[in-house]
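For reference, the chains in residue letters:
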Amino acid sequence: MTLLFFKIVNLELRKQMSYRVDFWVNTVVSFFAAMGVMYFLWDAIFTASETEIIGGYSQKEMILYYVLVILIAKLVRGSNQMTGIAGDIYTGELTKYHLFPTPYLTFKYAEHLGSLLPALIQLVLFGALSPFIFAFPDSLNITPLSIITCANVVLLANLLFFTLTLPLQLVAFWADNVWSLVVMNHFISGLLGGAMLPLELFPDWARTVLNFTPFAYLYHFPVRILTGHIQAEQIWIGVGVMICWIIILSAGSWFIWRKGNKLYTGVGI
Amino acid sequence: MGRYSKLYLYFLRFSFSRAMEFRLDFFFRIVMDTVYYAVHIIFFGVIYGHTSMVGGWNFDQVLIFMCGFFLVDALHMTVHANNLWALPEYVNKGHLDYYLIRPVSSLFFLSHRDFAANSFVNLIIAASMLIWAILRYPGEFSPLQIMVFLGLLLNGAYLYWLIHMCFVIPVFWTHSAHGFQMLFYSLKQFAERPDPIFQGLMRRTLTTILPFLLIASYPARILFEGLNTTILIHSGLVSLGLTIFLLWFWNKALRSYSSASS
């Protein structure tokens, strides 16, 4: 089973790299576009506010935050697996997977993991280049321990994102097109997960609420661990919350999966 | 012109009847776009909790700008987006042949045949939000300013389609799943921010070659800075230049289309 799982990961990995021109153009331009927008926006905000610190961030720390959050968010989301499961249900492709010797959802998670290689390449490439392009803070708290902790939390965040998207995709058993639901999740998790703004900028009451949701642990949490801003005790609490959400969302998905499978006809469109 | 109008009415009729078949999707898409609007307003709301100005614009001004952008985006989602998403598949599977043999402009047909009736509701929501943002603005605008603003937003929607199309057409050569559409959506972020924040070479690029700042930000400046002929001439010339480029690019792409599916 484990061997099969890694074969699926490998297959997806090769599939992701098949359109190389697309990959490199998208990779380079999308990173610099996202960074360009954030750089100019925050430069304008710091200039207008005439202060050196906003929400606990200096301008250099803010830039570092965005470089890291853009790269880590790609690792958490994977690439383009947004409607794969819904598509299989809608087109009737799911029938094929019922004959496979591995559970369908395990197969899909293996594909999701396999799609991470492009994001990993981007992380290494832009992570190495960024200090030469952008002005980072003079002293960084990134240590080998914070890197290892962050890597583990990113893996967990990746699973959390998968379980967060899964029940939305399974709605395809009842609805014809759930693309909008998945995109909606993308917007909400981007804002409430810290991909659009560091969560420290939100009002205190909002931050308190966010700490109980799965969103706060998707992007903001791993980045703050990497930069050494979260203490060991808070990391354990955060990991605990993430595991609780993964269990809740998996149980919910399993329930929807069982219900949906009873309705599934395999006819497709 | 009459023939094209009649054809478009047929497109509308088919699109609405199809949308009514998928009622849940109809509802989901309305909610999705509403969430998109809310996320961007909250984004700026949080930022303005820490500063009073961004690029010289206050929150009321940014709200009008963003609602203007929502209107342009809703227009694009309603009229063009579905068609542009489908184009790479037609090219890659060789289905484009069916559209090239019709006695109408292939560019018109392929860009307009699928009217997203479910996004039409969002168009109404976005228009309502723009009216609300203008009404709550503490200053006053003359009727002429508002008319020019709306005219430039329409031009912005046209530019939006032109730019998007330029990112889809490379699929004739790359044969990838979406052309460079992901790239377009990455670059689209520039259109979602006020233009005064961009400086230097970046600003020149975003107002000429990739005119994202002309989509909603330049039109908004007509309201805040008064009628400005430079903005009108600039927007007109860039739209004309990009139209000429798109027609040339489309014809070049069609010449390289082999009809073979891949």
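The coordinates are above.
Scoring rules and cut-offs
Residues numbered from 1 in each chain as written. Chains lettered and ligands numbered in written order. Predicted model: local features only at pLDDT ≥ 70, side-chain atom pairs only at ≥ 80, totals over all residues. Heavy atoms only, no water. Helix = DSSP H or I, 4+ residues; strand = E, 2+ residues; numbered from the N terminus. Buried < 20%, exposed > 50% of the residue type's maximum accessible area, 1.4 Å probe, protein only. Areas by Shrake-Rupley, 256 points an atom, 1.4 Å probe, with all protein chains shown as cover. Rg over C-alpha atoms; globule rule 2.2 N^0.38 Å. Core = buried A, V, L, I, M, F, W, Y, C linked by side-chain atoms within 4.5 Å. Contact = heavy atoms within 4.5 Å. Buried area = accessible area lost by both parts, 1.4 Å probe. Salt bridge = Lys/Arg side-chain N within 4 Å of Asp/Glu carboxyl O. Axes fitted to C-alpha atoms, helices over the stretch in contact; angles between N-to-C directions. Parallel < 35°, antiparallel > 145°, perpendicular 65-115°, else oblique. Left-handed = near helix turned anticlockwise from the far one by under 90°. Phe/Tyr/Trp six-rings, centres within 6.5 Å; stacked < 30°, edge-to-face > 60°. Lys NZ or Arg CZ within 6 Å of the ring centre and 35° of its normal. Patch = residues over 30% accessible without salt bridge, like charges linked within 9 Å, V, L, I, M, F, W, Y side chains within 5 Å.

Looking at the overall build of chain A
Counting its secondary structure elements, chain A contains 12 helices and zero strands. When the helices and strands of chain A are read in sequence order from the N terminus, they spell out α-α-α-α-α-α-α-α-α-α-α-α. Dimensions of chain A, computed from C-alpha atoms along their principal axes, come out at roughly 65 × 45 × 35 Å. Here chain A, with 269 residues, has 52% of them falling under the buried criterion. Of the roughly 12700 Å² of accessible surface on chain A, a fraction of 68% belongs to carbon and sulfur atoms.

Section: the overall build of chain B
Helices and strands together make up the secondary structure of chain B, namely 12 helices and zero strands. In summary, chain B has a C-alpha radius of gyration of 19 Å against a globular reference of 18 Å for 262 residues, a match within 12%. Judged by the C-alpha coordinates and their principal axes, chain B covers about 55 × 45 × 35 Å. Per-residue burial over chain B gives 57% buried out of 262 residues.

Examining unusual backbone geometry
Residue and element names in this part refer to chain A. One non-glycine residue, Glu-50, lies in positive phi territory at about 50°. Its place among the elements puts Glu-50 in the loop between α2 (20–49) and α3 (59–77). Take Glu-50: its relative accessible area is 73%, and that puts it in the exposed class.

Some points on the nonpolar core
Nonpolar side chains in soluble globular proteins tend to end up buried together. Judged by nonpolar contacts, the single largest core of 181 residues is most densely connected at Trp-42 of chain A together with Ile-64, Phe-70 and Ile-215 of chain B. If you tally residues by element for this core, the top one is helix α3 (residues 59–93) of chain B, at 18 residues.

What to know about the environment of Glu-225 of chain B
Position of Glu-225 of chain B relative to the elements: it lies in helix α11 (residues 217–225). Note: C-alpha distance between Glu-225 of chain B and Gly-241 of chain B (16 residues apart in sequence) is 26 Å.

A closer look at the interface of chain A and chain B
At the junction of the two partners, chain A supplies 38 residues and chain B supplies 37 residues. With both sides pooled, the region where chain A packs onto chain B buries about 3400 Å², and carbon together with sulfur makes up 79% of that total. In this assembly, chain A and chain B are joined by zero salt bridges.

As for the packing of helix α8 (residues 144–170) of chain A against helix α12 (residues 232–263) of chain A
Residue and element names in this part refer to chain A. The interhelical angle for the contact between α8 and α12, taken along N-to-C directions, is 25°, at an axis separation of 9 Å. Classified by the interaxial angle, the pair formed by α8 and α12 is roughly parallel. In this structure, α8 crosses over α12, and the sense of that crossing is left-handed. Two secondary-structure elements touch here, α8 through Thr-149, Val-153, Leu-156, Ala-157, Leu-159, Leu-160, Thr-163, Leu-164, Leu-166, Pro-167 and Leu-170 and α12 through Ile-235, Val-239, Met-242, Ile-243, Trp-245, Ile-246, Leu-249, Ser-250, Ser-253, Ile-256 and Trp-257.

Description of the packing of aromatic side chains
The final tally for this structure, using the stated rule, is 45 aromatic pairs over all chains. Aromatic pair Phe-27 of chain B and Phe-28 of chain B: ring centres 6.3 Å apart, planes at 50°, arrangement tilted. Residue class for Phe-28 of chain B comes out buried when judged on its relative accessible area of 10%. A network of ring pairs unites the aromatic residues Tyr-97, Tyr-104, Phe-107, Phe-173, Trp-174, Trp-257 and Tyr-264 of chain A as a single cluster. The side chain of Arg-221 of chain B reaches across the aromatic face of Tyr-218 of chain B, ending 4.8 Å from its centre.

Concerning the pattern of salt bridges
Residues and elements named next belong to chain A. As enumerated under the stated definition, the model contains 12 salt bridges over all chains in all. Measuring nitrogen to oxygen at the nearest pair gives 2.9 Å for the salt bridge that ties Lys-108 to Asp-88. Here the residue Lys-108 occupies a position in helix α6 (residues 104–114), and Asp-88 occupies one in helix α4 (residues 84–91), the gap between them amounting to 20 residues. For Lys-108, a relative accessible area of 6% translates into the label buried. Take Asp-88: its relative accessible area is 8%, and that puts it in the buried class. Measuring nitrogen to oxygen at the nearest pair gives 3.5 Å for the salt bridge that ties Asp-204 to Arg-207.

Regarding α6 of chain A
Most of α6 of chain A is tucked away, with nine of its 11 residues classed as buried. Along α6 of chain A, the residues classified as buried are Tyr-104, Leu-105, Phe-107, Lys-108, Tyr-109, Ala-110, Glu-111, His-112 and Gly-114 of chain A.

Some remarks on a nonpolar patch on the surface
Residue and element names in this part refer to chain A. Together, Trp-24, Val-28, Phe-32, Leu-125, Leu-129, Phe-132 and Ile-133 make up an exposed nonpolar region whose accessible area comes to about 650 Å². Per-element tally for the nonpolar patch: the top contributor is helix α7 (residues 117–133), with four residues. Residue placement: Leu-129 occurs in helix α7.

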